[in-house]
Amino acid sequence: MHHDRAVPLFAALAPLVLVTTVPVSWNAPPSCPSEEMVVQQVQQLASAAAAPSFAATAQVRPVGARWQVLVSLDSAADSIERRTFEADDCESLAQAFALIVAVHIDALAVVDPPILPRPQPSVPTPTTTSDAASSPATRRGPSARLRASSAPMAPSAVAPRSTTPAVQGLIRVEGGASAGILSGFGGGAGLMAGALGPRWRVEGGVMGWPARSASDRSGQVAVRLDLVAARVRGCGGPATAQVSVPLCIGAEVGGLRGVGTTGVDQPDVRWTPWGAATFGAGLAWAPRPWIAPYLGLEGSIPVVRPRFSVGDVVVTRTGAVGARLWAGIELRFGSRRRPPP
């Protein structure tokens, strides 16, 4: 008979055993939940009466428009845990603190936490969090509040970065080889400058193909040819953040110089106007936003095809179609992305 009465008596005294086993100290302003409310929350969360001996202390203070708590869990031999976190209201800090204490008592025995009753402060609240504290979002469980407050900043609070590429300037030094327009196969160099966008570019510059020799069939008469021209072209084509494939059309205007080198006593220098339409494709790879190796293959169709002769002997005539292979280094400047709005 007495044994049957002892069982409900032990169940009624279990929370008291918990309180004496785990001292809970809740130091907070009057506008926050009281220490009795926090202890009651711990009792409701943890159902186990037997627990390791440690002391739980919480120091609460307002920080700007939010609340901050310093939680310390200490045993007789050593410090178990110390952490600091913030929330929009003091009630959430109280629920989180009670949950931390209950988990350290017995994590398997923790049940869903009830909502603490909102206290009626006797003094004005030191912070302006009444609107945030009364909203439905601030009355969620302590685990949800703790996750939100422990993050450095909510993703929605970060201004999205614009992904629209801006216009960049460019300067490119290039060299290559050509065939078809001038006799033989020889090298040349160029300097280009311009602007580029996400899938387009506009360029202008100069180029030169010097020291090309041509002779008649007998080999007794020869001339040297030099080509200098200004170039413009526009390009468009597929592109990613690092790789672009410009497809270009353009024009060049300049002069073609010829001078006899073999079979003449007094060489006569002759300049002939030069003009051609160009077309081609390129490949640019930018491992860094400011630099990009560049490869290009270009064809040209001259507007006129001048001839060079020594006396009555025609030595050479420019070709109807030419091909060029370019390689260069492109330096880019200017911001690659527009600033966020």
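The coordinates are above.
Parameters at a glance
Each chain carries its own residue numbering, running from 1 in the direction its sequence is written. Totals for whole chains, interfaces and linings use all residues, but because this is a predicted model, local features are given only for residues with pLDDT of at least 70 and pairs of side-chain atoms are given and counted only at 80 or more. Water and hydrogen atoms were dropped before computing side-chain values, which therefore reflect all heavy atoms in the structure. Pairs of cysteine sulfur atoms within 2.5 Å are identified as disulfides in what follows. Starting at the N terminus, helices and strands are each numbered in turn, a helix being any DSSP run of H or I of at least four residues and a strand any DSSP run of E of at least two. Summary of the burial criterion: residues with accessible area below 20% of their type's maximum are buried, those above 50% are exposed, and those between are partly exposed, where the area comes from a 1.4 Å probe applied to protein chains only. For Phe, Tyr and Trp, rings pair up if their centres lie within 6.5 Å, where Trp contributes its six-membered ring, and each pair is then called stacked (planes under 30 degrees apart), edge-to-face (over 60) or tilted (otherwise). By the criterion adopted, a ring carries a charge over it if an Arg CZ or a Lys NZ lies within 6 Å of its centre and within 35 degrees of its normal.

Some details on the state of the cysteines
In step 1: Inspection of every chain in the model, using the stated rule, returns two disulfides.
In step 2: The disulfide partner of Cys32 is Cys90, and the gap between their sulfur atoms is 1.9 Å. Torsion about the S-S bond of the Cys32 and Cys90 cystine: about 110 degrees, corresponding to right-handed handedness. Taken together, the residues span a long stretch of sequence, with Cys32 in the loop between strand S1 (24-27) and helix H2 (35-45) and Cys90 in helix H3 (residues 90-105) at a distance of 58 residues.
In step 3: Residue class for Cys90 comes out buried when judged on its relative accessible area of 2%.
In step 4: A sulfur-sulfur separation of 2.0 Å characterises the disulfide bridge that pairs Cys235 with Cys248. The sign of the 110 degrees torsion about the S-S bond sets the Cys235-Cys248 disulfide as right-handed. Of this pair, Cys235 sits in strand S8 (residues 222-236) while Cys248 sits in strand S10 (residues 247-262), and the two are 13 residues apart along the sequence. Here Cys235 and Cys248 have matching classes, each one buried.

Quick notes on unusual backbone geometry
In step 1: One non-glycine residue, Ala211, adopts positive backbone phi at about 55 degrees.
In step 2: Topologically, Ala211 is positioned in strand S7 (residues 200-215).
In step 3: Relative accessible area serves as the criterion here: at 47%, Ala211 is assigned to the partly exposed category.

Considering the packing of aromatic side chains
To describe a pair of aromatic rings, you give the distance between the ring centres and the angle between the ring planes.
In step 1: If you walk through the whole model with that rule in mind, you get two aromatic pairs.
In step 2: Seen in terms of ring centroids, Trp209 and Trp326 are 5.1 Å apart; in terms of plane orientation they differ by 55 degrees. Their pairing is tilted. Of the two residues, Trp209 sits in strand S7 while Trp326 sits in strand S15 (residues 322-333), which places them 117 residues apart along the sequence.
In step 3: Under the relative-accessibility criterion, Trp326 is labelled buried at 3%.
In step 4: Geometry around Tyr294 places Arg172 over its ring, the cationic atom sitting 4.3 Å from the centre.
In step 5: Directly above the aromatic system of Phe308 lies the positively charged group of Arg270, at a separation of 5.6 Å from the ring centroid.

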